[in-house]
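If you want the building blocks of each chain, they are given just below.
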Amino acid sequence: MKEVRTRFAPSPTGYMHIGNLRTALYGYLYAKSQGGKFILRLEDTDSRRYVEGAVQIIYDTLKDAGIVYDEGPDIGGNYGPYIQSERAAIYKEYAEKLVELGGAYYCFCDKERIDSLKDENGVGRYDKHCLHLSKEEIAEKLASGVPYVIRQNVPEEGSGSYDDLVYGHVSVDFKDIEDGVLLKSDGMPTYNFANVVDDHLMGITHVIRGSEYLSSTPKYNLMYDAFGWERPVYIHLPPIMKNAHEKLSKRNGDASYQDLVAKGYIKEAIVNYIALLGWSPKSNQEKMTLRELEEHFSLAGLNKSPSIFDEPKLRWLSGEYIREMSFEQFKSLALPFLQKSKAYGKYEEDKLLHLVQSRVDVLEDIPSKIDFLEEYGPIDSALYFNKKMKSDAEIAKTVLPAAAKALENLSEFENAPIYQALVALAQELGMKNGQVLWCVRIALTARENTPGGASEMAELLGKERCLSRLAAAEQALSV
RNA sequence: GGCCCCAUGGUCAAGCGGUUAAGACAUCGCCCUUUCACGGCGGUAACUCGGGUUCGAGUCCCGAUGGGGUCACCA
């Protein structure tokens, strides 16, 4: 059995998109599930599209997500170089060889002539004009330095087909395929040529890529066949959509992997979630670590219809990871976000973090959970109303002054004694615990939602501020 | 527009000729509870449409509709 070799071949043109990352992830998972190798190759044959720093982003993102490649530009391997711009001589050699084999030909047509072949809609195909040039004419033009490209010689009749592992049988008529440029006039190959040469030379057994290549694959097969090379197994992946109509893309300002990390989504959750977009495990277990994914991944679970990126589900998964991680781990991840809160530095860090760990799905939500400590605004008296607690503003009018008195006499201002005092007060007033606690919590925080109960919030605020807030709330009620 | 591909709840999805059509997220309700959250329990909600094939179709075939992709010296 031949060793499985898959590759991820991004073009360094900017950020790492979720869709790209998923393609990389699947390539990695498939290789690992088969005990094979995963290779990173950089497709930078279009110098115009090169973006400074993009290469580093690719390395960093894969590393950060835990997707480790066995061979790549920065770590080497036996099939290098792994950067296409460094392989120019190789492509030229193979392009010339393909010409000899009849699978391609030199083309000297200039832009004007190419354009003249197109109709008013810009649609039109190359007419194989240069295919019919004589050997002598070609040699002469070459010798006199006329700019040229090398085009693929696609048969005018017949069709090409292959069996994609996710889409099944795919067939395209050759008459619908143009004689595309393989080697550009600047000497660099196009994707259409480079991917074939490299995949073969690098021993790639399974080509995993986006479904946009579904209908151009037959022309790649033509080249494999012309060279006498074994065709790889194809696995095309459906796109990840932003909504029913638009693909998820950085161009639309959609979240990239690093944007999500910056927002405080847990990395493991992001990887876990994108694995689930287009693939489903045999079991019903959806929450899986990378290791578990490596173990359970199988091509049979791949889906062929586009899937929409659903942030709420990612949030949920992220929250699951937060809730199960150790406090120490949570603390190290959460600290940078806690520091953005107005409350940072004024309260015991650990106390704040403990309160918030089970209440947050995404780290960036932390400040909003605790900012009430420093932001105390006017209280909407409707907040005192709670059907289940049977409390309302009227009840609050009696509770608040009494609570202030009870708390004032407390020598130990901590959760337990505060709670006891408030419960005792409820009994004294002939009220339910909830009536007192609800009103006090509202008065103390001015918010419906807080990361804990009345006594916890009171302890956090400290006696002095509790008393002043209680007084303010009471006064507001009497107006 | 030509060609290729796709089509199960709001979303992700299981299903591969016979099921009460799973599960998850979201949503709603109940329970737990000192708020919120967590947790537990339960509810609402789907096979795009029309023809076939078959004893029987979400599952197979054809068509329509809708959607996506592709038609570059971009990948």
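Residues numbered from 1 in each chain as written. Chains lettered and ligands numbered in written order. Predicted model: local features only at pLDDT ≥ 70, side-chain atom pairs only at ≥ 80, totals over all residues. Heavy atoms only, no water.

1. Concerning the protein's contact with RNA strand B
No. 1: Around RNA strand B, the surrounding shell holds 60 residues, and the nearest of these are Lys184, Arg359, Tyr419, Arg441 and Gly452.
No. 2: Going through the elements one at a time, strand 6 (168–173), helix 6 (191–201), strand 11 (307–308), helix 11 (311–324), helix 17 (433–445) and helix 18 (454–461) are the ones with two or more residues in the surface near RNA strand B.
No. 3: For the surface near RNA strand B, the element with the most residues is helix 11, which contributes five residues.
No. 4: Its residues placed into classes, the surface near RNA strand B shows 19 nonpolar, 21 polar and 20 charged. (Near = heavy atom within 4 Å. Helix = DSSP H or I, 4+ residues; strand = E, 2+ residues; numbered from the N terminus. Nonpolar A, V, L, I, M, F, W, Y, C, P; charged D, E, K, R; others polar.)

2. Some remarks on the confidence of the model for chain A
No. 1: For chain A, per-residue confidence averages 93 on the pLDDT scale, and residues scoring 70 or more make up 99% of the total.
No. 2: Here the predicted complex scores 0.94 on pTM and 0.95 on ipTM. (pLDDT = per-residue confidence, 0-100.)

3. A few points about the packing of aromatic side chains
No. 1: If you walk through the whole model with that rule in mind, you get 14 aromatic pairs.
No. 2: Seen from their ring centres, Tyr94 and Phe227 are 5.8 Å apart, and the 75° between their planes marks the pair as edge-to-face. Of this pair, Tyr94 sits in helix 3 (residues 88–100) while Phe227 sits in helix 7 (residues 217–227), and the two are 133 residues apart along the sequence.
No. 3: Here Phe227 falls in the buried class, since its relative accessible area comes to 12%.
No. 4: A cation sits over an aromatic face here: Arg151 above Tyr126, 4.0 Å from the ring centre.
No. 5: It is Arg441 that lies over the ring of Trp438; its NZ or CZ is 5.0 Å from the centre. (Phe/Tyr/Trp six-rings, centres within 6.5 Å; stacked < 30°, edge-to-face > 60°. Buried < 20%, exposed > 50% of the residue type's maximum accessible area, 1.4 Å probe, protein only. Lys NZ or Arg CZ within 6 Å of the ring centre and 35° of its normal.)

4. A look at the sheet that holds strand 7 (residues 181–183)
No. 1: Taken in spatial order, the three strands of this open sheet run 3-4-7, and their pairing is antiparallel. Looking at which strands have only one partner, the edges of the open sheet turn out to be strand 3 (104–107) and strand 7. Strand after strand, the sheet turns through a mean of 45° between neighbouring axes, direction not considered.
No. 2: The sheet contacts of helix 3 involve strand 3, strand 4 (149–152) and strand 7, and relative to strand 3 the element is tilted by about 105°. (Pairing = 2+ DSSP bridges. Axes fitted to C-alpha atoms, helices over the stretch in contact; angles between N-to-C directions. Contact = heavy atoms within 4.5 Å.)

5. Comments concerning the nonpolar core
No. 1: Counting residues in hydrophobic clusters, the biggest one holds 110 residues, and the most contacted among them are Leu62, Ile366, Tyr384 and Leu400.
No. 2: Element by element, the count of residues in this core is highest for helix 1 (residues 18–33), at nine residues.
No. 3: Ignoring anything within four residues of it in the chain, the contact list for Leu62 reads Phe8, Met16, Leu21, Ala24, Leu40, Ile67 and Tyr69.
No. 4: One finds Tyr91, Leu98, Tyr105 and Val207 within the second-largest nonpolar core, a separate group that totals 37 residues. (Core = buried A, V, L, I, M, F, W, Y, C linked by side-chain atoms within 4.5 Å.)

6. Considerations on unusual backbone geometry
Leave glycine aside and you will find that most residues have negative phi; peptide bonds, for their part, are mostly trans.
No. 1: Of note, the amide linkage connecting Gly80 to Pro81 takes the cis form, showing an omega dihedral of -5°.
No. 2: Within the secondary structure, Pro81 is located in the loop between helix 2 (54–65) and helix 3.
No. 3: Although it is not a glycine, Lys390 adopts a positive phi angle of roughly 60°.
No. 4: For Lys390, a relative accessible area of 54% translates into the label exposed.
No. 5: Backbone geometry at Ala446 places phi at a positive 65°, although glycine is not the residue there.

7. Quick word on the side chain of Asp371
No. 1: Within the secondary structure layout, Asp371 lies in the loop between helix 14 (366–370) and helix 15 (393–408).
No. 2: No salt bridge is formed by the buried Asp371. Its closest oppositely charged neighbour is Lys342, at 4.4 Å.
No. 3: Once residues lying within four places of it in the same chain are set aside, the contact partners of Asp371 are Ser341, Lys342, Ala343 and Arg447. (Lys, Arg positive; Asp, Glu negative; His and termini not counted. Salt bridge = Lys/Arg side-chain N within 4 Å of Asp/Glu carboxyl O.)

8. Topic: the pairing of strand 4
No. 1: Neither face of strand 4 is exposed, since Val149 and Arg151 on one face and Ile150 and Gln152 on the opposite face are all buried.
No. 2: Strand direction decides the pairing type here: strand 3 and strand 4, joined by four bridges, are antiparallel. Its bridge partner being in strand 4, Tyr105 is matched across the sheet by Arg151.
No. 3: Pairing geometry for strand 4 and strand 7, over two bridges, is antiparallel. Each bridged residue has a counterpart across the sheet, and for Ile150 the counterpart in strand 7 is Leu183.

9. Side note on the environment of Glu294
No. 1: Within the fold, Glu294 resides in helix 10 (residues 290–296).
No. 2: Along the primary structure Glu294 and Gly35 are separated by 259 residues, whereas in three dimensions their C-alpha atoms are 9.8 Å apart.
No. 3: In terms of polar contacts, Glu294 uses its side chain to reach the side chain of Arg291, at 2.3 Å. (Polar contact = N/O pair within 3.5 Å; in protein donor to acceptor, adjacent residues only side chain to side chain.)

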